[in-house]
Amino acid sequence: RQSTRIVAAGARNGQFTYDFEQWESVLGVSIYDFYPADPRVYGLKTMDEVETDEGKRLRADVDMRGWITKDDPPVFLFCSQPGGEISRRGHFLHHPKHSIAIKERCDELGVESVMYLSKEGSPPPSGVNPAQLAFLLKHLGVE
């Protein structure tokens, strides 16, 4: 019998939450600057419903940063996107500020976390990040 508990996690160019109402507070730009407001993303019919108790419950269900607890496994965050001013939709969706928000939450709770951000001006790395692979293998006990 083996435990199904996750022993480590890794993310590449991920988002900090799918509660899109929080994005402006972290990214400085609203998701509605890039996408039309659409309550269907939460299974709702109107944008007014997004702020109801049900809307808030649904948004909490997709808030990955909010799910982090002090007993979570170690996390490796890798972002190949450049920092700086958000310049386009893809940059908005995968900006390093997403990884930074997760790292800050992990640090706040004492969850082991490592973050790798691309250096400004360097091209995004392709393929597997060796540091991320080493981190995951270490926590899997396969060094």
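Notes on the structure follow.

## Notes on helix α6 (residues 130-140)
Within an α-helix, residues lying three or four positions from one another point in the same direction, as the helix has 3.6 residues per turn. Buried within α6 are the following residues: Q132, F135 and H139. Burial along α6 is one-sided: seen end-on, the buried residues are contained in an arc of 60°. Every exposed residue of α6 that faces more than 90 degrees away from the buried side is listed here: P130 and L140. Where α6 is buried, its residues meet β1 (9-12), β2 (75-79) and β3 (113-117).

## As for helix α2 (residues 53-61)
For α2, the complete set of buried residues consists of G55, L58 and R59. The buried residues of α2 occupy an angular sector of 100° when projected down its axis, which confines them to one face.

## Remarks on the sheet that holds β1
Strands pair in a sheet through their backbones, by hydrogen bonds, and they do so in one of two ways: parallel or antiparallel. Strand order in the open sheet made by the three strands is β1-β2-β3, with parallel pairing throughout. The open sheet has two free edges, formed respectively by β1 and β3, since each of these has just one partner strand. Neighbour to neighbour, the strand axes of the sheet diverge by 10° on average, direction disregarded. Set on the sheet, helix α5 (residues 96-109) makes contact with β2 and β3; between it and β3 the angle comes to about 160°.

## Structural notes on the state of the cysteines
Within this structure, the stated rule accounts for zero disulfides. No disulfide involves C106; its sulfur sits 15 Å from the nearest other cysteine sulfur, which is in C79.

## Observations concerning a nonpolar patch on the surface
On the surface, a nonpolar cluster with roughly 520 Å² of combined accessible area is contributed by V7, V128, L133, L137, L140 and V142. Relative to the elements of secondary structure, L137 occurs in helix α6.

## Concerning the pattern of salt bridges
Across all of its chains, the model carries seven salt bridges by this definition. A salt bridge links D19 to R59, with the nearest nitrogen and oxygen atoms 2.7 Å apart. Taken together, the residues D19 in the loop between β1 and α1 (23-27) and R59 in helix α2 connect sequence positions 40 residues apart. Look at D19 and you get buried, because its relative accessible area is 5%. The class for R59 is buried, based on a relative accessible area of 10%. The closest approach of N and O atoms between D107 and K103, which form a salt bridge, is 2.9 Å. Residue D107 and its partner K103 are both found in helix α5; the two are separated by four residues, about one turn of the helix. In this structure D107 comes out as partly exposed when scored by relative accessible area, which is 43%.

The rules behind the values
- Residues numbered from 1 in each chain as written.
- Predicted model: local features only at pLDDT ≥ 70, side-chain atom pairs only at ≥ 80, totals over all residues.
- Heavy atoms only, no water.
- Buried < 20%, exposed > 50% of the residue type's maximum accessible area, 1.4 Å probe, protein only.
- Helix = DSSP H or I, 4+ residues; strand = E, 2+ residues; numbered from the N terminus.
- Arc of directions from axis to C-beta.
- Contact = heavy atoms within 4.5 Å.
- Pairing = 2+ DSSP bridges.
- Axes fitted to C-alpha atoms, helices over the stretch in contact; angles between N-to-C directions.
- Disulfide = S-S within 2.5 Å.
- Patch = residues over 30% accessible without salt bridge, like charges linked within 9 Å, V, L, I, M, F, W, Y side chains within 5 Å.
- Areas by Shrake-Rupley, 256 points an atom, 1.4 Å probe, with all protein chains shown as cover.
- Salt bridge = Lys/Arg side-chain N within 4 Å of Asp/Glu carboxyl O.

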